[in-house]
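Residue-level structural notes
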Amino acid sequence: MMDAYWLPVIFIGLMGLSVLIYAILDGYDLGVGILLPMGEADEAQRDTMIASIGPFWDANETWLVLAVGIMLIAFPAAHSIVLYHLYIPVAIMLIGLIMRGVAFDFRAKAAVDHKLAWDRTFKAGSILTTLAQGYMLGLYVMGFEGGVTTHLFGLLSGLGVTAAYSYIGAAWLVMKTEHQLQQRAVTWAKLTGRFCLVGVIAVSIVNPLVNPGVFDRWFDFPLVMFVLLIPALCFTAFLFNDFLLGRLPKSDDRHCWVPFCLVMLIFLLCFSALGFSFFPDVVPGQMDVWEAASAPESLSVILIGALIVVPVILAYTAFSYWVFRGKATSLNYH
Amino acid sequence: MLDALMLSRIQFAANISFHILFPTITIAMCWFLVFFKVRHDMTGNPVWMRAYRFWVKVFALSFAIGVVSGITMSFQFGTNWPGYMETVGNIAGPLLGYEVLTAFFLEATFLGIMLFGIKRVPNKVHTLATVLVAVGTSLSAFWILALDSWMQTPTGFEMRDGVAFPTDWVAIVFNPSFPYRLTHMLIASGLTASFFIAGISAYRILKGDVKKAPRLTLKISLLVAAVLAPTQALVGDFHGLNTLEHQPAKIAAIEGIWHTEKGAPLLLFALPDEETKTNKYAIGIPKLASLILTHELDGELKGLNEFENEHPPVAPVFWSFRVMVGLGLLMLALSWFGSYHMVRKGKMPNWMLKVLVATTFSGWVATLAGWYVTEIGRQPWLVTGVLRTEDAVTTLPASNVAFSLALYLIVYTFLLIAYIHTVFLMARKAIKEEEFETNEPQPDGNLTNINNPQDTAEGSAKA
């Protein structure tokens, strides 16, 4: 049956797309939160940094709900297994997301003497969320095997994702801010970019070593010639970005948007590499998309809606970014 | 020691109770904001913009807490109730999916433009963004209530090997209890937002705010409540009749009827006792329950004895119902009395203002009580006749659930205190804000005084 074969494939594609968009979009705003400088003199910069993500963070977070939603809807069996293993980190991530989200609004509305406390909450929430997400990614890659190695790898992955989100957050700030803060962001981007590269290399080495299936897939001749383009491109993007950041900011603020695009490219490449490693498994080594999928009659009814609605969502998301284009200014409610 | 089932139930109840507080405010408040904005666009009177500017900040705060607590909800199904999605996922999934696709993105994206875009887009686009956020919040209510109603009165599906498969999506969405429950909830949101706006406006007046805006919002919110409160009583009655038809055990628990009887009294007070299956200290009005529910004095109402081991715990349903109805009647009286004063005299006595401040969050209590009636009243079923709550729960060790529950409870308690504190703080700040009555609004809808330094500014040092 065509439906039973293709629908799960389409939905794993949609889910992958949501995860990727989530990692990029909420990645940069979590990254901004992680980078928030907490010094006495930094308040104005904190204001600008938070203003740069103000109109977007809520919609960015919705991609996570969509990704989890698709897993829940399309792959309920996988959803149960994954969330069973990730129960505690999920709870911690949710607490982090709650802290981050409310601190954003409270900081502007609470009494002046509480503002610093809310800024700290914002930063802590961003870090907690990111570490939890990275840890979960690590456990997922390890196929939820128990043991010390898995948890260590989870911790490593947590640090890697923290570096990655900081990297994209710093690149966002290079694009959206100016003057001193922009120069600071350039420094942050260079530093976090190097950490991120180390993290990516570490995961790339560990992943095929612990998952024999992944090793075979990557080093399967003649495909190897083609797929090794992914890490090669990724490495080039890192190098080029590092080189470019060394020359920013340029006069007239030329190329300030290039680092963000390069980091997006890096995210896309890393994500494709992960996808290539595991497809068609939805739980690595345990369950593939066809075993996990729900009934075709349910999938097709959502697919129709998704095909109509997702382009509309992308269109008005683009509209929102266009409305708030240019450098971030302080956000005033009318 | 509580087991994973009980802990998961407490956790779900805590999460959803905390979450629903905020959508209950924002669903209706956004329509209030649309009204303020449209009135401003039509009349050019800056007082509407001031009302909008104050309430949009409260809205933003409430919305943010609603969003983040909602994300928690979206994980709950998978983390604690895997049996739910495994059994009815084919039906619940698409309904939740459509909520995310049609509502969440719409409201989240246009919220950015609504909150921060007024100077960046033409005024009409800003008004449209406000309308789209309001549409988004209401659409979200539509989908989630469709799902909840389907769990109460499931139709349009067939069971194959213990799993529900959809056969008729129209019957699934528009299941028998859905129209009543959706209307009941939307009006509940209207009443909650009305009393919230009235309470905070009254607080500002009591604290010495001499401006027009709080008086205007006080009057409008009370008038809206005066219309909605009696409508709610009527809708509630229809909802009750619908429940009697489809979930008679819930009605028996609500009315505290242990044994099937004719001419059942309407109990005003009683202590239902599960052990002896009787009510202690019952005070009731003879035959009234039968009259209300069957429209006959001697109408027969089925008792809990007909649903041995299939009926919900009686006391919480019985009492939640009385709290809800009691608050509903109080809101009716207050809104009529207050509207009378505001319309006839343009002001109201101080004691009445104090009463309104005291009832600022009465809608929260009534809404929660109502949800407890309907959700506890569905027990022991998770999906009526299809899936029992105990069969859907996770196999996780209880200690994991206890850990997450403790985390949530700490965070929620803290946030609730911070929220209420901050809302009243914002009201006090608004009193000090100066108004520039002389400034004319500009054609693009911007006010010349938007940059006045007293403004609370998002993301700026001035806050």
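The structure displayed is predicted, hence computed values, not measured ones. (Residues numbered from 1 in each chain as written. Chains lettered and ligands numbered in written order. Predicted model: local features only at pLDDT ≥ 70, side-chain atom pairs only at ≥ 80, totals over all residues.)

Helix and strand counts for chain B come out as 14 helices and 8 strands. Scaling as 2.2 N^0.38, a compact globule of 463 residues should have a C-alpha radius of gyration of about 23 Å, and chain B matches this with 24 Å. Principal-axis analysis of the C-alpha atoms gives chain B an extent of 70 × 45 × 45 Å. Counting over 463 residues, chain B shows a buried share of 53%. Pairs at least 24 apart in sequence give 74% of the contacts found in chain B among residues at least 6 apart. (Helix = DSSP H or I, 4+ residues; strand = E, 2+ residues; numbered from the N terminus. Rg over C-alpha atoms; globule rule 2.2 N^0.38 Å. Buried ≥ 20, exposed ≤ 12 C-beta atoms within 10 Å, placed from the backbone. Contact = placed C-beta atoms within 7 Å.)

Helix and strand counts for chain A come out as 14 helices and 2 strands. The C-alpha atoms of chain A give 20 Å as radius of gyration, which agrees with the globular expectation for 334 residues (20 Å, within 12%). Reported as C-alpha extents along the three principal axes, the dimensions of chain A are approximately 60 × 40 × 40 Å. Out of the 334 residues in chain A, the part that is buried amounts to 54%. Of the contacts formed within chain A by residues at least 6 apart in sequence, a portion of 76% connects residues at least 24 apart.

Now for the nonpolar core. Side chains that are nonpolar tend, in soluble globular proteins, to be buried together. Within the largest apolar cluster, 260 residues are counted, with the highest numbers of intra-cluster contacts made by A:Ala67, A:Ile168, A:Ala171, A:Val174, B:Trp55 and B:Ala225. The element best represented in this core is helix α3 (residues 82-116) of chain B, accounting for 21 residues. Once residues lying within four places of it in the same chain are set aside, the contact partners of B:Trp55 are B:Met29, B:Phe32, B:Leu33, B:Phe36 and B:Ile197. (Core = buried A, V, L, I, M, F, W, Y, C linked by C-beta atoms within 7 Å.)

Our focus in this paragraph is the interface of chain A and chain B. Every contact between the two is made by 62 residues of chain A and, on the other side, 67 residues of chain B. Residue assignment for the side of chain A that touches chain B shows that the elements contributing at least two residues are α2 (43-53), α3 (57-74), α4 (76-85), α5 (87-109) and α14 (296-323) of chain A. Top contributing element to the side of chain A that touches chain B by residue count: α5(A), with 15 residues. Residues that form the side of chain A that touches chain B fall into these classes: 40 nonpolar, 14 polar and 8 charged. (Nonpolar A, V, L, I, M, F, W, Y, C, P; charged D, E, K, R; others polar.)

Turning to the confidence of the model for chain B, a few remarks are in order. Residue and element names in this part refer to chain B. For chain B, per-residue confidence averages 86 on the pLDDT scale, and residues scoring 70 or more make up 93% of the total. Within the model, pLDDT remains below 50 along residues 437-463, and this stretch shows 60 contacts once partners closer than five positions in the same chain are excluded. Scored as a complex, the prediction yields pTM 0.86 and ipTM 0.83. (pLDDT = per-residue confidence, 0-100.)

Turning next to the pairing of strand β1 (residues 157-160) of chain B. Successive side chains on a regular strand alternate, one facing one side of the sheet and the next facing the other. All names here are of chain B. Sheet topology places β1 next to strand β2 (residues 163-166); 4 bridges connect them, and they run antiparallel. Of the residues in β2, the one forming a bridge with Arg-160 is Val-163. Adjacent in sequence and paired antiparallel, β1 and β2 are bridged by 2 residues, among which Asp-161 carries a positive phi angle near 50°. (Pairing = 2+ DSSP bridges.)

In a regular helix each residue adds 1.5 Å, so 21 residues correspond to 30 Å; helix α12 (residues 258-278) of chain A covers 31 Å between its end C-alpha atoms and thus fits that length. Three or more residues of α12(A) are buried, namely A:Pro259, A:Phe260, A:Leu262, A:Val263, A:Ile266, A:Phe267, A:Leu269, A:Cys270, A:Leu274, A:Ser277 and A:Phe278. (Expected span 1.5 Å × (residues − 1).)

Now for the confidence of the model for chain A. Fine structural detail should not be taken from predicted coordinates in areas where pLDDT scores are low. In the predicted model, chain A carries a mean pLDDT of 85, and 98% of its residues have values of at least 70. When mean pLDDT is compared element by element in chain A, helix α6 (residues 115-141) of chain A scores highest at 91, while helix α10 (residues 223-227) of chain A scores lowest at 73.

Glancing now at the packing of helix α10 (residues 314-345) of chain B against helix α12 (residues 362-376) of chain B. Residues and elements named next belong to chain B. Where α10 contacts α12, the axes come no closer than 8 Å and their chain directions differ by 145°. Relative to α12, α10 is oriented so that their crossing is left-handed. For the pair α10 and α12, the contacting residues are Pro-316, Val-317, Ser-320, Phe-321, Val-323, Met-324, Leu-327, Gly-328, Leu-330 and Met-331 in the first and Ser-362, Val-365, Ala-366, Ala-369, Gly-370, Tyr-372, Val-373 and Ile-376 in the second. Residue composition of the contact of α10 with α12, grouped by class: 14 nonpolar, 4 polar and no charged. (Axes fitted to C-alpha atoms, helices over the stretch in contact; angles between N-to-C directions. Left-handed = near helix turned anticlockwise from the far one by under 90°.)

Most peptide bonds take the trans form, and the phi angle of most residues other than glycine is negative. Put simply, B:Gln379 and B:Pro380 share a cis peptide bond, and its omega is 5°. Residue position: B:Pro380 is located in the loop between α12 and β7 (381-383). You will see that A:His255, though not glycine, has its phi angle at about 65°, which is positive. Here the phi dihedral of B:Lys277 falls at roughly 55°; this positive angle occurs in a residue that is not glycine. By secondary structure assignment, the location of B:Lys277 is in the loop between β4 (266-273) and β5 (278-285).

This paragraph deals with the packing of helix α8 (residues 179-210) of chain A against helix α11 (residues 229-245) of chain A. Residue and element names in this part refer to chain A. Packing of α8 against α11 brings their axes to within 10 Å, and their N-to-C directions diverge by 160°. Between α8 and α11, the crossing angle belongs to the class labelled roughly antiparallel. Note on packing geometry: the crossing formed by α8 with α11 is left-handed. Between α8, through Val-186, Ala-189, Lys-190, Gly-193, Leu-197, Val-200 and Ser-204, and α11, the contact on the second element is made entirely by Pro-231, Cys-234, Phe-238, Asn-241, Asp-242 and Leu-245. Residues of the contact of α8 with α11, tallied by class, amount to 8 nonpolar, 3 polar and 2 charged. (Parallel < 35°, antiparallel > 145°, perpendicular 65-115°, else oblique.)

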